[in-house]
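# Summary of structural features
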Amino acid sequence: MLDFLNGWGLTLIIFLPALTALVVMVTPNKDEENVKIVGLIGAVATLVVSIVTISYFNFDRAGQAQFVVNRSWIDTINSNYHVSLNGLGLPMLLLSNVVIVLCIIYSWNHWPEPHNPKAVLALMLILETGMNGVFVAQDLILFFVFFELTLLPMYFLIGVWGGPNRQYASIKFFLYTMFGSAFMLLGFLALYFKAGRTFDIDQLIANVQTAGISSGTQSLIFGGIFLGFAVKVPMFPFHTWLPDAHTEAPTVGSVILAAVLLKLGTFGFIKIAIPILPDAAKDWAPFIGVLAAIGIIYGALGCLAQTDMKRLIAFSSVAHMGYVMLGISTLTSYGMNAALFGMVAHGLITGMLFFVAGSVKERFHTLEIARLGGLLETMPRLGWVFGFATMASLGLPGLAGFWGEFPAILSAYNPAEGLNVALFRGLMIVAAVGTVFAAGYLLWLYQRTAFGTQKDEWKGHHFHDVLPNEWLAWAPFLAGIVVFGVWPRLMYSVTDPAVQVITKVFGG
Amino acid sequence: MLINQFLILAAFLFCAGAYGVMVRKNAVLVLMSIELMINSVNMNLIAFALKNDNIIGHVFALFVIAVAAAEVGVGLAIVLLIYRNRRSVDPGEVSEMKG
Amino acid sequence: MSVFSAFSAGGNFASEFGLSTGGLLAAGGETVAEHSSSAPWILAHAWVLPALMVAAFVATLFFGKRMKFLGAEFGIVSSVATMVLAIGGVIQWVRLAPGAHGEEVAKEEAMRAVGAGMRSFAAHFAGEEPIKLRDPIERSVSWFRNGSVDIGLGIHVDGFTVAMLFTVAFISLCVHVFSIEYLRGDKRFTHYFAALNLFSGAMLWMVQTSTTLGLLFGWELMGLCSFLLIGHWWEDKTNSDAALKAFFTTRTGDIGLLIGIVILFFAAGNTFDMAAINEKALNGGINHATLVVAAVALFFGVMGKSAQFPLHTWLPDAMAGPTPASSLIHAATMVVAGVYLFARLYGVFWQGFSITSGGMNFGSWIGAITIVSAAGLAFVQTDIKKVLAYSTVSQLGYMILGLSVGAWVGAIFHLVTHAFFKALLFQASGSIAHSGSHHSFEMERMGGLRKYMPITYRTFFVGYLALAGIPIFSGFWSKDEILNAADKNGFTLAFVAGSLGAFMTGCYMTRVMAKTFWGENRLHLFHDDHDAHGAHAAADDHGAAGHDTHAHDTHGHDAHAAAVAHDDHGDAHDAHAGPHESPALITGPLVALAVMATFVGFANWPFKDFLFLKRFWFEKNIANITFEETIAAAGKVHPFDWGVAIPSIILAVGGIAVGYWYNVVKQGDLGLVRRGGVFGLGHKVLKNKYYLDALWTDLIIGSIKGPIAKMTYWFNQNVIDAVIDTAGRSAAATGRGVYRYIDQGLVDGIVNGAGISASTGGGVLRKLQNGKVQAYAATFLAATGLIAFGLVLFL
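Computed from a predicted model, the values in this text were never measured in an experiment.

### Some details on the overall build of chain B
Within chain B, the regular secondary structure consists of three helices and zero strands. Each helix and strand of chain B, placed in order from N terminus to C terminus, yields the pattern α-α-α. What you see for chain B is a C-alpha radius of gyration of 16 Å, clearly larger than the 13 Å of a compact globule of 99 residues, by over 25%. In terms of its C-alpha atoms, chain B occupies a principal-axis envelope of roughly 50 × 25 × 20 Å. Burial status across chain B gives 15% buried among its 99 residues.

Structure follows, in structure tokens:
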């Protein structure tokens, strides 16, 4: 079994969804159930394979690459099909596979309009291929291909199944991300030519140290890669595509976008930008830190001004990803662990919030905060689930969000050697103030939507409380939020060894 | 060996043939002029073959004679058909090739 | 010191961490510090107490609604069990043998005292049996690891913890019992109990955790429960506003707490362990400047949670919650979390605030201001719960003041005594609302209740005397210790403020007595117009939505208890029934608390042993001796002094006398304050709560929520997004331009040009193709000639 997984495990995880997408596409549309079942089976099979693979993962050596496959792919540019798994990619890989399965379960009976489960399923599965690929790719070109592969399905999900302003949002999403990616690709190419004509991440890490690239050039290369990832994260001031994309996207689109797609950017920073170009990372760190801190406050203020629930949640992502980026910018193990934890926690929590928003929208056909109110009265269970996610999102200790927030603040007090301590301590205070803002916008949202009594316009309407398939889709999220919150070791034991490898360069 | 005389003769014959091809009003004469040109080429071939002591020239000459014979056969047949259709063998009057 | 060995022993997990996911889920194993391996069971397993309450929370949440008593049984059973364990814990702690360190210190101190006769720890207890200094019991498991730093999750059980566990468990049990009757019929009865259980669990956890991080968990979870309970009747916007306000204000203070925790984590060498932090702080292992910053930062957290001026405004609003919850959370336990933190990290504050210097420090200023300002506000409240709330703020000021002037034992002693008598006062006021004033807390509707509610009256009277600081009752002993230390340690201003506070407390509490229990009952005055009654109550700060619908027979039990509930009471609980005594489920807890409020003060009997009273029993057996040692070594521990006690008694009695004269003799003639002038102005300022609410809510929060947020969003949409949109639009415009002029004009022009020239050229050339063989031959010949010519020419 181990031999098989060593050779084929990751490849199977990557391409099984794409294969399923093909099968879904050729399944006759006559019987919709069949289409859905085929899609679900494919996603579940992928999840099972990834769980089995992870169960063979050697957690004692979580810092090292495992299940390595390295085959030649494009010889002319020395790019290989090189995939492997370590502590950085593992949680994200699992998250991505879980999220897709749960999204399919969630949409089982209510597909976004225009109704076309076949296409939505196929797109989601292709998306899964892209996401899984990103988390295991060890070759920059391979990484880039998967990174870009995620764009297209999301573009269609937003553009076809989105809200009224979907075309604007989808185009903006697509072009903005592409714009960043172009610079990223330039950076990759520069690395290729400057550091020994290879796209292999491991080799580049070694080569850059010895290749004698001038620090100015390194900084420039980092800048290109930074732009690509910063747009994806998204960091202030590259965030404006996010609220539009989230607001217009169908529920599952929002969930996948928040839970996994945003993490491709931060993951890229930790996996690629910082290990390959540590010196440039140090030059850029204060800048990134400042942008992150601005993002925290700015996102929160943006939230306070929103009148649409989903747009508010979208804006909160800007603030939360600010904590993640602040953690990364300290270049310390505390910060990176916090960032990785924050990525998973934000995925679960914001994903959950978007699920709730989707369900509210489905029942009320509006997300305008002023028209909602009294959710706890009309749909107590939904209201409590929403409250739970809200509390998790504002970083209540004991729930997952806390571990993304507090260690990030902690790490900013003592950034890596050579970084401006006074600056980072200032950022720490800003980040700490941000926690109050987070409580502010989230609880204010909760007060306006869940507390109070039902608005008159809905009198006489009957609303379903949480439906069985919603429970099924949400339960793993809710459980995950509690489990990770109470027992952070689950994450730390996986990510810490890998993080230590990266931060060794910075002296811890 | 003197080659110039052969070449000059051949050139003369070629020019005569070319003139005949362009101006004759009778297709049979045009064909004959073509033969003249071909033979001038043959003469050149043989002359150079002799000069360079190379058999290939002779071979080519024989080959060309064979082709010329075939060509005359085909050409005469065409002329005959044209005559049968048009009651004339003036190439200037035939412009079906304009397409 | 052995304190650390437990922590480091807890860190040995690298090898234990499994080979597969099995290892991931393993609890990491328990490690027990070597010296506590034989520790008494309850002390070594103190985590069982919060675990029980959390289990009750989970059970109530998931199965509560299906149970016979709607989930209350889970809470009752666990709080009884917790109570039993807490008592067992106290007994086990008291019977615990002194640690090696303790005996050593005692001997050393005794020798020093004999030699120099100095005012030291030993002199304090001169001529007595050696003090039993017990080592804390520490246990820890690895929570997570970051590189070589192991973050533990552990418990640190010492006398202070045991005292807190007992106090919290006792009051929690009383509140659970009280609530069964008080909230009967409430539509969210089950949720109420679930939140109460979770709260108790969090508090019990907070007082025993060994790390600042663990403390933060308990701290914030209590904040959550407070939020849930204040906003229990969330249909009404004033209630949810109060809940949000409480959460925001404490969170604002928590900025400081977070920063303080972070600073101390690094300063103490990558550890959250509080014992280690204290040790380092007292040893000089952390530089002074860092300690000052850390202490000030942490103090902001304390101010938020323990409602110190000017962050106290949330506490009176928090009275919107059900009264038993107010009693437990917003009087007795949660609000002392700040004080607890102060006391637990005393090493940091001791150094950071330079308490030995005897000059007024940040803490003593805030404490002094809080005592007086809150006591002032208590005078103008017409709502009995609000008077008690401001009184709580004022008493918390005493605790903070006590800690800031070096009265460590005094402060935590006051914490304990206050918890009992304030819980008592709140529950008694709940009893009044329940049976005496139709669910209103307006004192205008009470009066003369002494006749109707004898048990409530007597128990409330006990609480009144304890709060006013009349000897024998518990409040006196603890307040006196604080004032004594303030005086002796050179904090004159703090002493003056404290004494003034004692006077004011006696005064405003007498006003409450006069308005509620003495005189004539005024409830019938409000019977004439029930509709007006409803409107009136709704206008109260914690007024209620319930009134609109059921003005007649549900003036909301604290607002919302359903009409049905009142039929269950069985004692003709009707709107027109007069005031009467509450049932046993309510008076029982009152009596229990009254007993405690009377006698708990004797725990620290300051005189020679007398019958069962042991001199300084609390201080010797319960108080965490580590800090007392430090304080004593600095000469800041002082014996009881009649010179301080007698004036404070006189002041308290004087306050009561003035209050009696004004409220009973003069019948509360408000002409004095209504007449304008200085009194009128003062009255107005107090009525408006020093305009602090206007500052926080309207100015700061309002501006952030409104204009600032809107401006930011405007900036986002019209600047940043506009840049992006403009980029997009101009790209699109450029595209159109390129298409029209370059693509269509130039590139396509070239293509088209090629076509046109080809066709023109063809038109010319086609003339060559005349179909005439001879013409072709001529062309061919000419061309061949040209080529031949070229070849000849160029080769």
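### Thoughts on the overall build of chain C
Summing up its helical and strand segments, chain C has 35 helices and three strands in all. Scored against the burial criterion, the 795 residues of chain C give a buried share of 56%. Considering only intrachain contacts with a sequence separation of at least 6, the fraction spanning at least 24 residues in chain C is 77%.

### Things to note about the interface of chain A and chain C
Interface size is commonly expressed as the accessible surface area that is lost when the partners come together. Between chain A and chain C, the contact holds 48 residues from the first and 46 residues from the second. Elements supplying a minimum of two residues to the side of chain A that touches chain C: α7 (166-194), α12 (278-304), α14 (333-364), α17 (400-413), α18 (421-449) and α20 (489-503) of chain A. Per-element accounting of the side of chain A that touches chain C gives the leading share, 11 residues, to α18 of chain A. Split into classes, the residues belonging to the side of chain A that touches chain C amount to 29 nonpolar, 15 polar and four charged.

### Remarks on the environment of Leu396 of chain C
Residue and element names in this part refer to chain C. Tracing the backbone through its elements, the reader meets Leu396 in helix α19 (residues 384-404). A sequence separation of 220 residues divides Leu396 from His176, and the C-alpha atoms of the two residues are 24 Å apart. Not counting the four nearest positions on each side in its chain, Leu396 is found in contact with Ser306, Ala307, Gln308, Val335, Val336, Val339 and Thr370.

### Details of the pairing of strand β2 (residues 137-146) of chain C
A regular strand places its side chains so that they alternate between the two faces of the sheet. Burial runs high along β2 of chain C: nine of the 10 residues are buried. If you look at the hairpin formed by β2 of chain C and strand β3 (residues 149-157) of chain C, you'll find two residues sitting between the two strands, and Gly147 of chain C has a positive phi there, around 60°.

### Describing unusual backbone geometry
The omega angle of the peptide bond from Val233 of chain A to Pro234 of chain A is -5°, so this bond is cis rather than trans. With respect to the helices and strands, the residue Pro234 of chain A is situated in the loop between α9 (215-232) and α10 (241-248). At the junction of Phe236 of chain A and Pro237 of chain A, the peptide bond is cis and its omega measures out at 0° in the coordinates. Inspection of the secondary structure puts Pro237 of chain A in the loop between α9 and α10. With a phi close to 45°, Arg197 of chain A is a non-glycine residue in the positive phi region. Here Arg197 of chain A is to be found in the loop between α7 and α8 (201-211). Notably, Asp53 of chain B is not glycine yet its phi reads approximately 55°, a positive angle. Within the secondary structure, Asp53 of chain B sits in the loop between α2 (27-52) and α3 (56-86).

### Points about α3 of chain B
If you check α3 of chain B, its first and last C-alpha atoms are 43 Å apart, about what 31 residues at 1.5 Å a residue would give, namely 45 Å. Positioned one or two residues after α3 of chain B, Arg87 of chain B has a phi angle of 60°, which is positive.

### Examining the interface of chain B and chain C
Contact with chain B, which involves nine residues of that partner, is made by nine residues of chain C. Residues belonging to the side of chain B that touches chain C are distributed by class as follows: five nonpolar, two polar and two charged.

### A short note on the pairing of strand β1 (residues 66-74) of chain A
Residues and elements named next belong to chain A. In terms of strand pairing, β1 meets strand β2 (residues 79-85) through six bridges, oriented antiparallel. Within β2, the residue paired with Asn70 across the bridge is His82. Remark: four residues form the turn of the hairpin made by β1 and β2, two consecutive strands paired antiparallel; Asn78 in that turn has positive phi of roughly 55°.

### Regarding the packing of helix α13 (residues 309-329) of chain A against α14 of chain A
All names here are of chain A. Between α13 and α14, the least distance of the axes is 8 Å, while the angle of their chain directions is 175°. As the angle between them shows, α13 and α14 are arranged roughly antiparallel. Contacts between α13 and α14 pair Met309, Lys310, Ile313, Ser317, His320, Tyr323, Val324, Gly327 and Ile328 from the former with Gly335, Met336, Ala338, Ala339, Gly342, Met343, His346, Thr350, Leu353, Phe354, Ala357 and Val360 from the latter. For the contact of α13 with α14, the per-class residue count stands at 13 nonpolar, seven polar and one charged.

### Quick notes on the confidence of the model for chain C
Fine structural detail should not be taken from predicted coordinates in areas where pLDDT scores are low. Residues and elements named next belong to chain C. With 82% of its residues at a pLDDT of 70 or more, chain C has an overall mean of 78. Note on residues 1-36: pLDDT under 50 across the span, and 68 contacts to partners over four residues away in sequence or across chains. Across the assembled chains, the prediction reports ipTM 0.91 with pTM 0.81.

### Regarding the environment of Leu791 of chain C
When you line up the elements, Leu791 of chain C lands in helix α35 (residues 773-794). Between the C-alpha atom of Leu791 of chain C and that of Arg522 of chain C, which follows or precedes it by 269 residues, the distance is 132 Å.

### A word on helix α20 (residues 408-435) of chain C
Residues and elements named next belong to chain C. Taking 1.5 Å of rise per residue, the 28 residues of α20 would be expected to cover 40 Å, and the 40 Å separating its terminal C-alpha atoms lies within 8% of that figure. At His418, α20 shows its maximal bend, which comes to roughly 25°. In terms of burial, α20 is largely enclosed, as 28 of its 28 residues are buried.

### Observations regarding the packing of helix α3 (residues 89-107) of chain A against helix α11 (residues 251-276) of chain A
The geometry of a pair of packed helices is captured by two quantities: the angle between their axes and the separation between those axes. Residue and element names in this part refer to chain A. Contact geometry of α3 with α11 gives a least axis separation of 9 Å together with a crossing angle of 170°. Considering their axes alone, α3 and α11 lie roughly antiparallel with respect to each other. Where α3 abuts α11, its residues Met92, Leu95, Ser96, Val99, Cys103, Tyr106 and Ser107 lie against Val252, Val255, Ile256, Ala259, Val260, Lys263 and Phe267. By residue class, the composition of the contact of α3 with α11 is 11 nonpolar, two polar and one charged.

Here is what the cut-offs are and how they apply
Residues numbered from 1 in each chain as written. Chains lettered and ligands numbered in written order. Predicted model: local features only at pLDDT ≥ 70, side-chain atom pairs only at ≥ 80, totals over all residues. Helix = DSSP H or I, 4+ residues; strand = E, 2+ residues; numbered from the N terminus. Rg over C-alpha atoms; globule rule 2.2 N^0.38 Å. Buried ≥ 20, exposed ≤ 12 C-beta atoms within 10 Å, placed from the backbone. Contact = placed C-beta atoms within 7 Å. Nonpolar A, V, L, I, M, F, W, Y, C, P; charged D, E, K, R; others polar. Pairing = 2+ DSSP bridges. Expected span 1.5 Å × (residues − 1). Axes fitted to C-alpha atoms, helices over the stretch in contact; angles between N-to-C directions. Parallel < 35°, antiparallel > 145°, perpendicular 65-115°, else oblique. pLDDT = per-residue confidence, 0-100. Bend = angle between axes of the 7 residues up to and from the residue.

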